[in-house]
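Chains, contacts and geometry: an overview
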Amino acid sequence: MSVNIIEKVESAFELMQKNQPLHDSVRQSLENYLHQLKGEVPSNLYDLILAEVEAPLMEAVMSYTKNNQSRAAIVLGLSRGTLRKLLKKYGLLD
(Lines give C-alpha, C1' and ligand atoms only; values in the text may rest on other atoms or scores of the structure.)
Protein backbone atom coordinates (compact mmCIF):
# COMPACT_ATOMS: atom_id res chain seq x y z
CA MET A 1 0.00 0.00 0.00
CA SER A 2 1.36 3.40 -0.94
CA VAL A 3 0.66 6.33 1.37
CA ASN A 4 1.26 9.93 0.38
CA ILE A 5 3.79 11.18 2.94
CA ILE A 6 3.46 14.75 1.69
CA GLU A 7 -0.14 14.84 2.88
CA LYS A 8 1.03 13.61 6.28
CA VAL A 9 3.74 16.29 6.48
CA GLU A 10 1.23 18.97 5.46
CA SER A 11 -1.09 17.68 8.15
CA ALA A 12 1.78 17.93 10.63
CA PHE A 13 2.34 21.57 9.69
CA GLU A 14 -1.37 22.32 10.16
CA LEU A 15 -1.18 20.82 13.63
CA MET A 16 1.97 22.80 14.37
CA GLN A 17 0.10 25.98 13.53
CA LYS A 18 -2.24 25.12 16.39
CA ASN A 19 0.72 25.49 18.78
CA GLN A 20 1.59 21.80 18.77
CA PRO A 21 5.36 21.32 18.95
CA LEU A 22 6.94 20.20 15.68
CA HIS A 23 8.29 17.08 17.38
CA ASP A 24 4.75 16.01 18.31
CA SER A 25 3.43 16.79 14.84
CA VAL A 26 6.11 14.69 13.16
CA ARG A 27 5.61 11.80 15.58
CA GLN A 28 1.86 11.89 15.03
CA SER A 29 2.27 11.91 11.25
CA LEU A 30 4.66 8.98 11.40
CA GLU A 31 2.35 7.03 13.69
CA ASN A 32 -0.52 7.66 11.25
CA TYR A 33 1.65 6.56 8.32
CA LEU A 34 2.73 3.37 10.05
CA HIS A 35 -0.84 2.62 11.11
CA GLN A 36 -2.03 2.97 7.51
CA LEU A 37 0.49 0.34 6.42
CA LYS A 38 -1.71 -2.21 8.27
CA GLY A 39 1.16 -4.44 9.29
CA GLU A 40 3.23 -4.13 6.12
CA VAL A 41 6.88 -3.54 6.89
CA PRO A 42 8.22 -0.35 5.27
CA SER A 43 11.67 -0.37 3.75
CA ASN A 44 14.14 2.51 3.72
CA LEU A 45 11.85 4.49 6.02
CA TYR A 46 14.71 6.69 7.21
CA ASP A 47 15.62 7.80 3.67
CA LEU A 48 11.96 8.23 2.76
CA ILE A 49 11.25 10.47 5.74
CA LEU A 50 14.41 12.54 5.23
CA ALA A 51 13.54 13.15 1.58
CA GLU A 52 9.96 14.12 2.46
CA VAL A 53 11.09 16.53 5.18
CA GLU A 54 14.23 17.96 3.57
CA ALA A 55 12.59 19.20 0.38
CA PRO A 56 9.93 21.38 2.07
CA LEU A 57 12.50 22.47 4.66
CA MET A 58 14.80 23.73 1.88
CA GLU A 59 11.88 25.42 0.11
CA ALA A 60 10.69 27.14 3.28
CA VAL A 61 14.14 28.35 4.34
CA MET A 62 14.99 29.60 0.86
CA SER A 63 11.72 31.51 0.80
CA TYR A 64 12.35 32.87 4.30
CA THR A 65 15.83 34.08 3.29
CA LYS A 66 14.60 35.37 -0.10
CA ASN A 67 16.88 32.83 -1.86
CA ASN A 68 20.00 34.12 -0.10
CA GLN A 69 22.08 30.95 0.08
CA SER A 70 24.55 32.33 2.60
CA ARG A 71 21.77 33.28 5.02
CA ALA A 72 19.96 29.99 4.39
CA ALA A 73 23.11 28.03 5.19
CA ILE A 74 23.44 29.91 8.48
CA VAL A 75 19.77 29.37 9.34
CA LEU A 76 20.10 25.65 8.64
CA GLY A 77 23.49 25.27 10.31
CA LEU A 78 25.00 23.88 7.10
CA SER A 79 27.97 24.83 5.01
CA ARG A 80 27.07 26.71 1.84
CA GLY A 81 28.43 23.80 -0.20
CA THR A 82 26.17 21.31 1.58
CA LEU A 83 23.21 23.63 1.10
CA ARG A 84 23.93 23.90 -2.64
CA LYS A 85 24.17 20.11 -2.87
CA LEU A 86 20.75 19.74 -1.23
CA LEU A 87 19.21 22.48 -3.36
CA LYS A 88 20.47 20.72 -6.46
CA LYS A 89 19.18 17.35 -5.19
CA TYR A 90 15.66 18.77 -4.85
CA GLY A 91 15.76 20.90 -8.03
CA LEU A 92 15.74 24.19 -6.13
CA LEU A 93 18.79 25.89 -7.61
CA ASP A 94 18.07 29.01 -9.65
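Provided above is the structure to which this section pertains.
A brief report on the enclosed structure follows.

The rules behind these values
- Residues numbered from 1 in each chain as written.
- Predicted model: local features only at pLDDT ≥ 70, side-chain atom pairs only at ≥ 80, totals over all residues.
- Heavy atoms only, no water.
- Helix = DSSP H or I, 4+ residues; strand = E, 2+ residues; numbered from the N terminus.
- Buried < 20%, exposed > 50% of the residue type's maximum accessible area, 1.4 Å probe, protein only.
- Areas by Shrake-Rupley, 256 points an atom, 1.4 Å probe, with all protein chains shown as cover.
- Salt bridge = Lys/Arg side-chain N within 4 Å of Asp/Glu carboxyl O.
- Axes fitted to C-alpha atoms, helices over the stretch in contact; angles between N-to-C directions.
- Parallel < 35°, antiparallel > 145°, perpendicular 65-115°, else oblique.
- Left-handed = near helix turned anticlockwise from the far one by under 90°.
- Contact = heavy atoms within 4.5 Å.
- Nonpolar A, V, L, I, M, F, W, Y, C, P; charged D, E, K, R; others polar.

Overview of the overall build of the protein
A count of helices and strands for the protein gives five helices and zero strands. Ordered by position from the N terminus, the helices and strands of the protein form the series α-α-α-α-α. Buried positions account for 23% of the 94 residues belonging to the protein. When the accessible surface of the protein is totalled, it reaches about 6800 Å², and 54% of it is carbon and sulfur.

Brief notes about the pattern of salt bridges
Considering all chains together, one arrives at two salt bridges under this definition. Between Asp 24 and Arg 27 there is a salt bridge, with its nearest N and O atoms 2.6 Å apart. Residue Asp 24 and its partner Arg 27 are both found in helix H2 (residues 22-36); the two are separated by three residues, about one turn of the helix. For Arg 27, a relative accessible area of 39% puts it in the partly exposed group.

A short note on the packing of helix H3 (residues 45-64) against helix H5 (residues 80-89)
Contact pair H3 / H5: the axes reach a minimum separation of 10 Å and the direction vectors enclose 115°. One finds that H3 runs roughly perpendicular with respect to H5. Taken as a pair, H3 and H5 cross one another with a handedness that is left-handed. Across from Glu 54, Met 58 and Met 62 in H3, the residues of H5 making contact are Leu 83, Leu 86, Leu 87 and Lys 89. For the contact of H3 with H5, the residue count by class is five nonpolar, no polar and two charged.

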